[in-house]
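Read off the chains here:
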Amino acid sequence: MDERIKQGYHKIYSEMFTIILFLAAGSVIVNVAFFHRNITQLWFEYVILIGSPIYRLVRIRMLEIADAPAAGWKRVFRIRMIAVVMVIGVMFLLMSYAQHGKVNFPALFGFLIPFLVLFCLSAFLTKALQDSWKRRQEKKYGDEE
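Residues numbered from 1 in each chain as written. Predicted model: local features only at pLDDT ≥ 70, side-chain atom pairs only at ≥ 80, totals over all residues. Heavy atoms only, no water.

Trainee: What exactly am I supposed to notice about the overall build of the protein chain here?
Mentor: Secondary structure summary: the protein chain contains four helices and zero strands in total. If you list the helices and strands of the protein chain from N to C, you get α-α-α-α. At 19 Å, the protein chain has a C-alpha radius of gyration far larger than the 15 Å of a compact globule built from 145 residues. Considering only C-alpha atoms, the protein chain reaches an extent of 65 × 35 × 25 Å along its principal axes. When burial is assessed residue by residue, the protein chain has 16% of its 145 residues classed as buried. Partitioning the intrachain contacts of the protein chain with sequence separation of at least 6 by distance along the chain shows that 68% fall at a separation of at least 24. (Helix = DSSP H or I, 4+ residues; strand = E, 2+ residues; numbered from the N terminus. Rg over C-alpha atoms; globule rule 2.2 N^0.38 Å. Buried < 20%, exposed > 50% of the residue type's maximum accessible area, 1.4 Å probe, protein only. Contact = heavy atoms within 4.5 Å.)

This is the structure we're talking about:
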């Protein structure tokens, strides 16, 4: 198979992965907000949302893929993290209001704060892990040249 065709297939599969991940996230949001389901009723979406990034991280390590960061990537990462945290916060506020007609801030923050802390912690740890792998690869292949 031609390398160009392989790259095309990889791009299609990558886009499909992203679409499935967003559909699973949307399904969780709709089911929790409008149908009042809990996580035990959404196990398939939960497996996709948790398993997909873990699978991606494992495969990156197995294939020894290390992408060079683009110019300004630290600033972009911070901006994206702030935007995602704000969007998640607003979504939880809107879902709480849609479910109960009012926002119960103590209950909301009791759930939202630990979620956001774990979300940010996992994002920063994943980024640090990938940076470490990249440095190790640069050291490994830099010595051979």
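Trainee: Would you explain the environment of F35 in this entry?
Mentor: In this fold, F35 is placed in helix 1 (residues 3-35). Residue classification places F35 among the exposed positions, given a relative accessible area of 51%. For the pair F35 and Q99, spaced 64 residues apart in the sequence, the C-alpha separation amounts to 9.1 Å.

Trainee: What exactly am I supposed to notice about the packing of aromatic side chains here?
Mentor: Aromatic rings considered in pairs are described by the distance between their centres and by the relative angle of their planes. Within this structure, the stated rule accounts for two aromatic pairs. Judged by centre distance (6.5 Å) and plane angle (20°), the rings of Y9 and Y13 are stacked. With Y9 and Y13 both in helix 1, this residue pair falls four residues apart, about one helical turn. Overall, Y9 belongs to the partly exposed group, its relative accessible area being 42%. With centroids separated by 5.9 Å and ring planes inclined at 80°, the aromatic side chains of W43 and F44 adopt a geometry described as edge-to-face. Exposure remark for F44: the relative accessible area of 51% places this residue in the exposed category. (Phe/Tyr/Trp six-rings, centres within 6.5 Å; stacked < 30°, edge-to-face > 60°.)

Functional significance is not addressed by these values, which are geometric in nature.
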